[in-house]
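Architecture at a glance
The residues making up each chain are set out below.
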Amino acid sequence: MAHKKAGGSTKNGRESESKRLGLKKFGGQKVLAGNILVRQRGTRYRAGENVGVGTDHTLFALTSGTVSFRRKGVDQRVHVFVEPAAS
């Protein structure tokens, strides 16, 4: 006997929540110590001076100042720096 499965279940609705990755502060912007600069998976952006790295590779400012992005090294990777504010 052919039976039809009971209706009411859906095959959609399993998309994961967006992780809101990417740049949070851009070059030339002023930041405070502790501000998140980049949320990323892996080390797409590397930490330069006055920038710390979290356990999930998040980059954050260690001091207050101005954000800058520069390419460094043989492989020309992008490094994120925070130039301390003159006080």
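Residues numbered from 1 in each chain as written. Predicted model: local features only at pLDDT ≥ 70, side-chain atom pairs only at ≥ 80, totals over all residues. Heavy atoms only, no water.

**Quick notes on the environment of Thr63**
Of note, Thr63 is situated in the loop between β6 (59-61) and β7 (65-72). The partly exposed category is assigned to Thr63, whose relative accessible area is 26%. When the C-alpha positions of Thr63 and Gly28 are compared, they lie 15 Å apart, and in sequence the two are 35 residues distant. The contact partners of Thr63, leaving out residues within four places of it in the chain, are Val31, Leu32, Ala33, Asn50 and Val82. (Helix = DSSP H or I, 4+ residues; strand = E, 2+ residues; numbered from the N terminus. Buried < 20%, exposed > 50% of the residue type's maximum accessible area, 1.4 Å probe, protein only. Contact = heavy atoms within 4.5 Å.)

**Considerations on the sheet that holds strand β8 (residues 77-84)**
Adjacent strands of a sheet form backbone hydrogen bonds with each other and so pair up, either parallel or antiparallel. If you walk across this open sheet you meet the 4 strands as β2-β7-β8-β4, and the pairing is mixed. The sheet is open, and its two edges are formed by β2 (30-31) and β4 (45-47), each paired on a single side. The pairing of β7 with β8 spans 8 bridges and is antiparallel. Of the residues in β8, the one forming a bridge with Arg71 is Val78. (Pairing = 2+ DSSP bridges.)

**What about the packing of aromatic side chains?**
If you walk through the whole model with that rule in mind, you get 1 aromatic pair. Taken together, a centroid distance of 6.1 Å and an interplanar angle of 70 degrees make the contact between Tyr45 and Phe69 edge-to-face. Here Tyr45 is found in strand β4, whereas its partner Phe69 is found in strand β7, with 24 residues between them in sequence. Its relative accessible area of 28% is what places Phe69 among the partly exposed residues. Sitting over the face of the ring of Phe81, Arg70 holds its NZ or CZ atom 3.9 Å from the ring centroid. (Phe/Tyr/Trp six-rings, centres within 6.5 Å; stacked < 30°, edge-to-face > 60°. Lys NZ or Arg CZ within 6 Å of the ring centre and 35° of its normal.)

**Comments concerning the side chain of Thr58**
Considering the arrangement of structural elements, one finds Thr58 in the loop between β5 (51-53) and β6. Residue Thr58 is classed as buried on the basis of its relative accessible area, which comes to 5%. Separated by 2.8 Å, the side chains of Thr58 and Asp56 make a polar contact. Setting aside residues up to four positions removed in sequence, Thr58 forms contacts with Ile36, Val38, Arg39, Gly52 and Val53. (Polar contact = N/O pair within 3.5 Å; in protein donor to acceptor, adjacent residues only side chain to side chain.)

Structural measurements only, silent on function.
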